[in-house]
Each structure stands twice: as C-alpha cells, then as structure tokens.
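Survey of secondary and tertiary structure
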2 protein chains.
Amino acid sequence: MKLFVVGLGPGGIDQISKKAMKVLQESEIIIGYIVYVDLIRDALKGKTFYSTPMTQEIERCRAAIELASKGKKVSVVCSGDAGVYGMAGLIYELVQDYDNVEVEVVSGITAACSGAAVLGAPLTHDFAVISLSDLLTPWDLIETRLECASKADFVICLYNPSSRKRHDYLQKACDIVLKHRSPKTVCGYVQNIDRESESAVILTLQQLRDTNVNMYTTVYIGNSQTKEIQGKMVTPRGYSI
Amino acid sequence: MKLFVVGLGPGGIDQISKKAMKVLQESEIIIGYIVYVDLIRDALKGKTFYSTPMTQEIERCRAAIELASKGKKVSVVCSGDAGVYGMAGLIYELVQDYDNVEVEVVSGITAACSGAAVLGAPLTHDFAVISLSDLLTPWDLIETRLECASKADFVICLYNPSSRKRHDYLQKACDIVLKHRSPKTVCGYVQNIDRESESAVILTLQQLRDTNVNMYTTVYIGNSQTKEIQGKMVTPRGYSI
C-alpha cells in the first residue's frame with residue numbers, strides 16, 4: 001500500500017498544490033499534529049482525522065504506517081514541505097520494518113519560501129536553512145553551522161528560532177553572526193505566515209538580536225548585499241542594472 | 001498597479017498553488033522565459049503571453065513593470081519559487097524607478113523541495129542551497145560557500161550544476177566537498193523534475209564527481225548521517241527510534 005507524506009504549505013488552504021489536495025481527497029485517514037490537521041479539517045469533510053500532540057512524532061508515524069500496512073489509504077500531513085524538518089525522513093526510517101508499504105512524498109511550499117514572499121525577496125541568492133531547535137541536534141553543531149554560514153556570506157533562514165525553554169537562542173545565534181557581519185545587516189522575520197494574524201518586520205541584525213520572537217516565526221538574516229527597498233527585504237541576484 | 005511575481009512550481013500544472021493559479025487567471029499579460037511560459041499556456045487560454053530567451057531577464061522584467069505602470073494586470077512567472085534564484089529580487093530592484101507599481105510575490109514549490117520529494121527525504125536536516133552558475137557570482141565566492149557548507153556538515157543542494165560552458169563545475173564542487181566528507185557520502189540528483197522525462201539517481205559522492213548532468217538537474221549531497229533506505233536518499237532528523 002502507498003503511504004503519502006503531504007506538505008500543506010504555509011497555512012491557508014489556497015497555497016496547497018492541486019496534487020496535494022487530490023491525494024488528501026483520495027485518502028481515508030489523515031494524520032498529523034493537531035494544529036496542521038485543523039487547517040484542513042473544514043476543506044476535507046468526511047475524512048477520519050487522527051492527530052497527536054507535538055512531541056509524539058514517532059507514535060504518529062508508526063500509527064500511519066500500521067494503518068497503511070493493513071490496507072488503509074493514509075496521508076501524513078506536515079505544514080510547509082514534508083521534507084524540510086517534516087515527517088518524510090522519519091517515515092522512511094520507520095517503514096523499513098514493513099515490506100508492503102511504499103512511501104510517496106508530496107511537496108509543499110516550505111516556510112523559507114512563503115515567508116520570503118511576504119518580506120520581499122531575501123532568498124534570491126545562495127542561502128542556508130538552520131533550525132535553532134536543539135531537541136534533536138546538539139547545540140554545538142548548530143553553532144558551527146551558524147558560524148560557517150556567516151563566514152561564507154550565505155543568507156540565513158532560521159526555523160524554530162524560539163520556544164519557552166529556548167527564549168535566548170535567537171540572541172545567541174545573532175551574536176555568532178555578528179562576529180562576521182555588520183550590525184546593520186538587513187534582517188527580517190515573519191510570524192504566522194499566511195494566517196489572519198500574519199505579521200512581518202524588517203530590522204537590522206543588531207535589532208534582531210534584541211527581539212523576542214515566538215515559535216511560529218521564520219527569521220531571515222541578509223547577506224552583505226541584502227538591502228531594504230521600499231519596505232521590503234531584497235537580496236540582489238547580481239544583475240548589472 | 002500591482003505586479004505579481006509568481007512561482008509555478010516544478011513543472012506540472014498540478015503542483016501550482018490555487019493562489020498562484022487564481023492570480024494568473026486574473027492577469028491580462030503573463031511574462032516569462034519561454035520554457036516556463038510553455039508549461040502553462042494550455043491551461044490559461046486567452047491570455048497574452050510574452051516570452052524572451054533566457055539571458056534577457058532585465059528586458060523582460062522592465063517590460064513587465066512598464067506594462068503594470070500603464071495599468072495592465074501583469075504576472076511575471078518563474079519556475080519553482082519566484083524568490084529562489086528567480087525574478088523577485090530583480091523586479092524589486094527595477095521597480096524603484098516607478099512610484100505606481102506595487103509588487104507581490106506568490107510562492108511556488110522550489111526545486112530543492114520538489115526534487116527532494118522524488119529522491120526521498122534528503123533535506124530533513126539543515127541544508128545549504130548553492131547555485132554553481134558563475135554568470136552573476138564570482139567562482140571564488142561559490143568555492144568559499146561550498147567549503148564552508150561542507151565543513152559544517154550541511155546537506156548541500158546545488159542549482160544550475162552544469163551548462164555547456166561549465167561542464168566541469170560539478171566535478172570541481174565535488175572535489176571541494178570531498179576534502180571534508182567521505183567519498184561514500186550518499187548523494188542524489190533529479191533531472192526534469194515533474195516532467196514526463198523525470199529521472200532520479202542515487203549514488204556516492206565519488207560517483208557524483210564523475211557524472212555529467214544537464215542544466216535541468218538539481219543535485220543533493222548528503223550530510224554525514226544521510227543514508228540510502230530502500231532506494232531512497234534519507235537524512236535523519238535525529239529521532240531515537
């Protein structure tokens with residue numbers, strides 16, 4: 001049986017691809033973290049939804065695989081893209097124990113891209129995507145990545161920049177970048193992308209360092225060429241104009 | 001007047017978001033590189049299409065802004081996401097000379113994500129996106145980025161890995177990564193994502209070094225944890241299973 005891992009995009013139902021929506025419509029059971037399941041519940045009446053709290057990813061994925069192996073049409077849903085800090089990797093790791101389940105990943109628009117569109121065009125040149133969550137990654141490795149990405153003048157896009165237990169992680173990250181980049185570097189962040197409460201802020205790296213953001217925030221640190229143009233964050237591609 | 005810069009996703013019409021399709025349907029004129037315009041021509045009968053060859057990005061974007069400033073409803077289309085090596089940045093730079101044109105970027109699924117879904121789940125951990133095209137970026141800077149991304153164990157996603165004039169760039173890039181990573185590192189590439197001729201290959205870093213790919217290829221170099229599971233390229237997120 002095929003098990004689908006589907007990216008829902010940033011939030012609103014109108015940023016889901018036609019392909020992803022078709023897969024969900026053809027599924028009997030849709031499984032995901034409750035916040036994401038709630039985004040699509042109204043658009044997919046009559047389906048069986050199965051949701052678990054945030055920290056139960058392994059149980060959730062195992063349940064999905066079990067159901068698929070018993071012949072059910074199952075989709076696991078993730079916000080953004082299912083392959084960027086999403087469930088696609090874990091599903092592949094767990095599915096090794098089952099010989100009758102084939103996995104298909106259906107892409108969605110990841111927060112790096114949907115947030116960038118709100119801010120302007122921050123990712124028009126090479127960029128690095130780094131999660132500041134140290135639940136599954138040693139903080140040392142996150143620091144090394146911040147250090148190397150800063151040195152090489154990548155635009156940096158930060159996922160999971162904050163949580164209750166990690167309120168000062170964004171500050172720590174900015175301090176590392178500040179060793180290599182001007183405090184005036186153009187930065188931006190977007191909260192609640194594509195929801196009613198969406199908000200976007202453009203600010204300097206120094207200001208970003210002293211800002212508290214919530215966990216539904218995607219942060220962008222510009223490279224040395226990034227500028228603010230008419231209230232938007234823009235990284236030039238390099239055309240001579 | 002509003003000017004839209006729209007990401008079409010990887011190729012097939014069913015991976016465009018509903019929002020992007022609505023914007024295109026409401027546009028009078030759709031402008032883009034001919035290969036991308038051809039992807040949507042059939043689905044959008046009755047529109048005026050304006051396409052130029054690949055190297056005429058500035059002319060194309062200026063024409064779009066001119067038309068929007070005269071009151072036309074215009075969309076500039078890009079493959080993938082309009083903000084990732086797309087036209088969004090250039091449009092913002094050029095639009096500064098016009099005071100009656102407001103830009104809105106509509107995201108799409110970028111090749112990093114759509115190609116990843118074909119290969120499995122290579123981007124489930126921190127990753128760097130690097131274009132190997134040195135048309136607009138000095139090769140030295142590209143080398144520095146490859147070097148730093150390799151050192152910090154980022155998964156690396158390469159755009160524009162090859163062209164007629166740059167047939168050995170992928171080899172050069174792999175040689176840099178090989179200084180920091182095992183020749184057995186799991187890598188993959190996808191050609192013609194989401195088209196009929198789509199093909200995906202998983203191979204080692206050493207094998208990738210000695211492979212010729214065409215310009216419609218997206219390349220993935222795994223991190224030290226990336227593995228091959230049942231013919232798919234998977235980077236674990238770090239769950240203890």
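Our subject is the structure that appears above.
Note that the structure is predicted; figures quoted are calculated from it, not measured.

Now for the interface of chain A and chain B. Size of an interface: often given as the accessible area lost when the parts come together. On the side of chain B, 66 residues touch chain A, which itself brings 66 residues to the contact. Around 6100 Å² of area is buried between chain A and chain B when both sides are counted, 60% of it from carbon and sulfur atoms. In terms of residue class, the side of chain A that touches chain B is made up of 32 nonpolar, 21 polar and 13 charged.

What follows is about the relation of the copies chain A and chain B. Overlaying chain A on chain B yields an RMSD of 0.0 Å, the required transformation being a rotation through 180 degrees with an accompanying axial translation of 0.0 Å. The superposition operator between the copies reduces to a two-fold rotation axis.

Before going further, it helps to examine the pairing of strand β8 (residues 155-159) of chain B. Residue and element names in this part refer to chain B. Burial analysis of β8 places five of its five residues in the buried class, which makes it a mostly covered element. Every second residue of β8 is oriented toward a common face, with Val155, Cys157 and Tyr159 on one face and Ile156 and Leu158 on the other, all of them buried. Relative to β8, strand β7 (residues 127-131) runs parallel, the two being bridged by five bridges. Pairing of alanine 128 across the sheet is with isoleucine 156, part of β8. Relative to strand β11 (residues 217-221), β8 runs antiparallel, the two sharing three bridges. For leucine 158, the partnering residue across the bridge sits in β11 and is valine 219.

With that settled, consider the sheet that holds strand β3 (residues 48-52) of chain B. All names here are of chain B. Taking strand neighbours across the sheet as the criterion, the five strands line up as β3-β2-β4-β1-β5 in an open arrangement whose pairing is parallel. The sheet is open, and its two edges are formed by β3 and β5 (102-106), each paired on a single side. Across the sheet, the mean angle from the axis of one strand to that of its neighbour is 20 degrees, orientation sign disregarded. One ladder, built from five bridges, connects strand β2 (residues 29-33) with β3; its direction is parallel. Within the sheet, the bridge partner assigned to isoleucine 31 lies in β3 and is tyrosine 50. Running over the sheet, helix α3 (residues 57-69) touches β1 (2-7), β2, β3 and β4 (74-78) and is turned about 170 degrees from β2.

A word on the pattern of salt bridges. Per the stated rule, a full pass over the model turns up 24 salt bridges over all chains. A salt bridge links glutamate 104 of chain A to lysine 19 of chain A, with the nearest nitrogen and oxygen atoms 3.9 Å apart. With glutamate 104 of chain A in strand β5 (residues 102-106) and lysine 19 of chain A in helix α1 (residues 18-25), the pair connects residues that are 85 residues apart, well separated along the chain. In this structure lysine 19 of chain A comes out as partly exposed when scored by relative accessible area, which is 22%. Glutamate 66 of chain A is the partner of lysine 70 of chain A in a salt bridge, and the nearest nitrogen-oxygen pair spans 3.5 Å. Each of Asp126, Asp153 and Arg181 of chain A together with Arg145 of chain B takes part in one network of salt bridges that share partners.

Procedures and definitions
Residues numbered from 1 in each chain as written. Chains lettered and ligands numbered in written order. Predicted model: local features only at pLDDT ≥ 70, side-chain atom pairs only at ≥ 80, totals over all residues. Heavy atoms only, no water. Contact = heavy atoms within 4.5 Å. Buried area = accessible area lost by both parts, 1.4 Å probe. Nonpolar A, V, L, I, M, F, W, Y, C, P; charged D, E, K, R; others polar. Least-squares fit on C-alpha atoms with pLDDT ≥ 70 in both. Buried < 20%, exposed > 50% of the residue type's maximum accessible area, 1.4 Å probe, protein only. Helix = DSSP H or I, 4+ residues; strand = E, 2+ residues; numbered from the N terminus. Pairing = 2+ DSSP bridges. Axes fitted to C-alpha atoms, helices over the stretch in contact; angles between N-to-C directions. Salt bridge = Lys/Arg side-chain N within 4 Å of Asp/Glu carboxyl O.

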